[in-house]
Amino acid sequence: MAGNGPPPKENAVRRNAVDLSHLEVDEDVPDKVKKLFKRDGYSVATQRWWDTWVASEQSKAFRATDWMRLQMLAPLVEAYFRRPGHNALAEIRQNESLLGATVTDRMRLRMNKAEKKDDSKPDRLPENVADMDLYRSLSGA
């Protein structure tokens, strides 16, 4: 016996699809929001941490509130680099997790790589897909 329960419906449609439109690239966030306040007052390590976030794929979907969260986190990151401690690291990890820092975080948040949707028809169908127009013409329908 393959599994428990009734077999799945033949033409089942998933109705639990999640709307990810809120993760689209936000062009409205001004560049000044993406700059680290008082950058010269931070160590090179903290500046590199900030630059990594600015260049990350997930930051393209950040709103002003997300950038503010990183601004508030920067002094804690600076304190951690000056004197490493597990309490500061735990708080940093927790905040970064909410912003999609790791692969697991992005999977949990259902973040997809921002891709342009191409609505044009492909040149040919994939090998495992039947051409329904050809099928209809052959069946005489």
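Scoring rules and cut-offs
Residues numbered from 1 in each chain as written. Predicted model: local features only at pLDDT ≥ 70, side-chain atom pairs only at ≥ 80, totals over all residues. Heavy atoms only, no water. Phe/Tyr/Trp six-rings, centres within 6.5 Å; stacked < 30°, edge-to-face > 60°. Helix = DSSP H or I, 4+ residues; strand = E, 2+ residues; numbered from the N terminus. Buried < 20%, exposed > 50% of the residue type's maximum accessible area, 1.4 Å probe, protein only. Axes fitted to C-alpha atoms, helices over the stretch in contact; angles between N-to-C directions. Parallel < 35°, antiparallel > 145°, perpendicular 65-115°, else oblique. Left-handed = near helix turned anticlockwise from the far one by under 90°. Contact = heavy atoms within 4.5 Å. Nonpolar A, V, L, I, M, F, W, Y, C, P; charged D, E, K, R; others polar.

## Let's talk about the packing of aromatic side chains
- Counted by the stated rule, this structure contains five aromatic pairs.
- When the ring of tryptophan 50 is compared with that of tryptophan 67, the centres are 5.8 Å apart and the planes differ by 50°; the resulting orientation is tilted. In this pair, tryptophan 50 sits in helix 1 (residues 44-55) while tryptophan 67 sits in helix 2 (residues 64-82), placing the two residues 17 residues apart along the sequence. With respect to burial, tryptophan 50 and tryptophan 67 carry one shared label: buried.
- An aromatic cluster of three or more residues is present, and its members are Trp49, Trp50, Trp53, Phe62 and Trp67.

## Topic: the packing of helix 1 against helix 2
- In the contact formed by helix 1 and helix 2, the axes pass within 9 Å of each other and the chain directions differ by 150°. One finds that helix 1 runs roughly antiparallel with respect to helix 2. In terms of crossing hand, the pair formed by helix 1 and helix 2 is right-handed. Across the interface between the two elements, Ala45, Thr46, Trp49, Trp50, Trp53 and Val54 of helix 1 pack against Trp67, Leu70, Gln71, Leu73, Ala74, Val77, Glu78 and Phe81 of helix 2.
- Taken together, the residues of the contact of helix 1 with helix 2 break down into eleven nonpolar, two polar and one charged.

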